[in-house]
Amino acid sequence: MQVYLDNNATTKVDEKVFEEMTPFFCEMYGNPNSLHSVGSATHPKIAEAFDYLYEGINADDEDDIIITANATEANNWVVKSVWLDRILDGEKNHIITSEVEHPAITAACNYLEKKGVDITYLTVNEEGVLEADAVADAIREDTALVSVMWANNETGKLFPIKEIGAICKEKGVLFHSDATQAIGKVKVDVQDAGVDMISFSAHKFHGPKGVGGLYIKKGVQLSPYMHGGEQMDGRRAGTLDVASIVGMGKAMQLATNTMALAYEINHVGMLRDKLEKAILKIPDTIVIGDTKNRTPNTTLISIKGVEGEAMLWDLNKNGISASTGSACASEDLEANPVMNAFGSDSELAHTGIRFSLSRFNTEEQIDYAIEKIKEAVERLRSISSSYAYTPKNHVSELEHN
Ligand SMILES: Cc1ncc(COP(=O)(O)O)c(CN[C@@H](CS)C(=O)O)c1O
């Protein structure tokens with residue numbers, strides 16, 4: 001049985017999304033900027049896609065949603081153009097972010113540090129969340145940007161975006177949120193939250209890889225990151241990938257409508273809780289962060305005495321796909337930065353397994369995964385030189401219910 005539990009890394013394209021995309025490869029292949037009818041034939045579905053995007057995040061018609069290749073581009077665009085506009089060409093020299101952001105933010109900020117920009121990486125509390133007051137305390141006269149993620153990709157923890165939005169508005173500081181792991185899992189309402197910009201990627205909510213977006217509130221000045229043609233009113237040059245834009249719009253509509261979000265909480269959340277509860281019945285296991293105020297699909301669990309990569313290998317042999325943390329950091333065997341941020345000791349930081357579900361997972365799949373996880377823990381602990389294996393914590397004696 002194949003059980004895909006790594007949806008925070010990427011998701012399957014919804015069949016309905018794929019259907020919407022297919023005409024734009026071999027039939028309606030025109031360039032939307034061409035004046036002829038082959039080009040203009042793409043316009044109605046592009047317009048519909050943008051309607052879905054605006055509705056999906058409750059953007060005002062006067063706001064902008066600019067198509068990017070992915071959230072990485074959107075995040076880099078925000079950080080580097082704020083540097084250009086407000087630091088190099090302005091009187092600011094300070095950016096505030098958190099220490100558990102995705103590398104698309106932290107690496108871009110590290111790059112600016114080398115250019116002399118002062119970056120504050122706020123720490124998270126023991127629940128794995130940044131406190132809004134910490135942002136207020138960190139803001140200075142020369143602060144150009146606050147960038148805090150909406151939901152953490154490894155723990156699923158939700159950050160106090162609305163409170164931070166109010167603080168940034170009151171202090172007149174630009175506020176960006178990386179909403180990549182929030183869209184399609186929780187309600188993302190840019191007007192209610194008071195954000196100036198958010199980043200997103202379609203492949204996180206059952207759209208195609210290679211397309212994402214940056215929402216920019218009306219009136220926010222941000223120099224283009226990509227210069228060239230007049231696409232996106234000159235805010236992001238490059239021929240539009242019509243199929244991907246249409247796919248992202250449809251995916252946004254399918255993932256953010258009221259029924260879909262209710263299903264995320266009631267079905268996906270139920271499956272995640274069932275999986276998590278079953279694993280926590282195994283001795284010496286803990287959830288990293290805490291179980292409140294999370295996206296409904298994610299759990300990051302430390303299994304003492306079991307190296308994360310070894311666990312993944314065991315699960316993979318049984319058709320189960322999970323990760324030790326974000327996919328982009330999976331190659332290096334360094335301790336998981338998010339777990340380090342929680343003050344986890346190094347042993348713990350190597351034992352984290354991230355399970356991230358989707359609306360396509362079934363209860364039968366979760367029951368199968370629970371059985372295989374218990375078997376893997378039993379096997380790996382029995383050959384572990386570091387785990388004190390006693391009859392008390394024999395996994396096989398545990399009742400599975
Ligand atoms: C919060 C957040 N912000 C940005 C990105 C980047 O998305 P791209 O479409 O690759 O550009 C991601 C992607 N995180 C994946 C791959 S590293 C994970 O396994 O957690 C993310 O989670």
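Each value, and the rule that gives it
Residues numbered from 1 in each chain as written. Predicted model: local features only at pLDDT ≥ 70, side-chain atom pairs only at ≥ 80, totals over all residues. Heavy atoms only, no water. 1 Å grid on protein atoms, 1.4 Å probe; cavity = no way out; pocket = protein on both sides within 12 Å on 5 of 7 lines; lining within 4 Å. Points joined across faces, edges and corners; volume = space filled by probe spheres on them. Nonpolar A, V, L, I, M, F, W, Y, C, P; charged D, E, K, R; others polar. Domains from an automatic or database assignment. Helix = DSSP H or I, 4+ residues; strand = E, 2+ residues; numbered from the N terminus. Pairing = 2+ DSSP bridges. Axes fitted to C-alpha atoms, helices over the stretch in contact; angles between N-to-C directions. Contact = heavy atoms within 4.5 Å.

### Quick word on empty space enclosed by the protein
Next, step 1: Here the structure, examined in full by the defined rule, presents three cavities of 30 Å³ or more.
Next, step 2: Around the largest cavity, the lining is made up of 14 residues, and of these Gly184, Lys185, Lys204, His206 and Glu264 lie nearest the centre.
Next, step 3: In the lining of the largest cavity, the residues fall into four nonpolar, six polar and four charged.
Next, step 4: When residues of the lining of the largest cavity are sorted by domain, at least three fall in each of domain 1 (3-9 + 259-399) and domain 2 (15-256).

### Digging into unusual backbone geometry
Next, step 1: One non-glycine residue, His206, lies in the positive phi region at around 70°.
Next, step 2: With respect to the helices and strands, His206 occurs in the loop between strand S7 (197-201) and strand S8 (212-216).
Next, step 3: In this structure, Asn293 takes a positive phi of about 55° despite not being glycine.
Next, step 4: Among the secondary structure elements, Asn293 is positioned in the loop between strand S9 (285-287) and strand S10 (298-303).

### What about the sheet that holds S9?
Strand-to-strand pairing in sheets goes through backbone hydrogen bonds, with the strands running parallel or antiparallel.
Next, step 1: With antiparallel pairing, three strands are arranged side by side in an open sheet as S9-S10-S12. Looking along the sheet, the strands with just one partner apiece sit at the ends: S9 and strand S12 (352-356). The mean inter-strand angle of the sheet, taken between neighbouring strand axes irrespective of direction, is 25°.
Next, step 2: Relative to S10, S9 runs antiparallel, the two being bridged by three bridges. Along S10, the bridge assignment pairs Val287 with Ile301.
Next, step 3: Each of S9, S10 and S12 is contacted by helix H11 (residues 258-280), which is oriented at about 10° to S10, the strand it contacts most.

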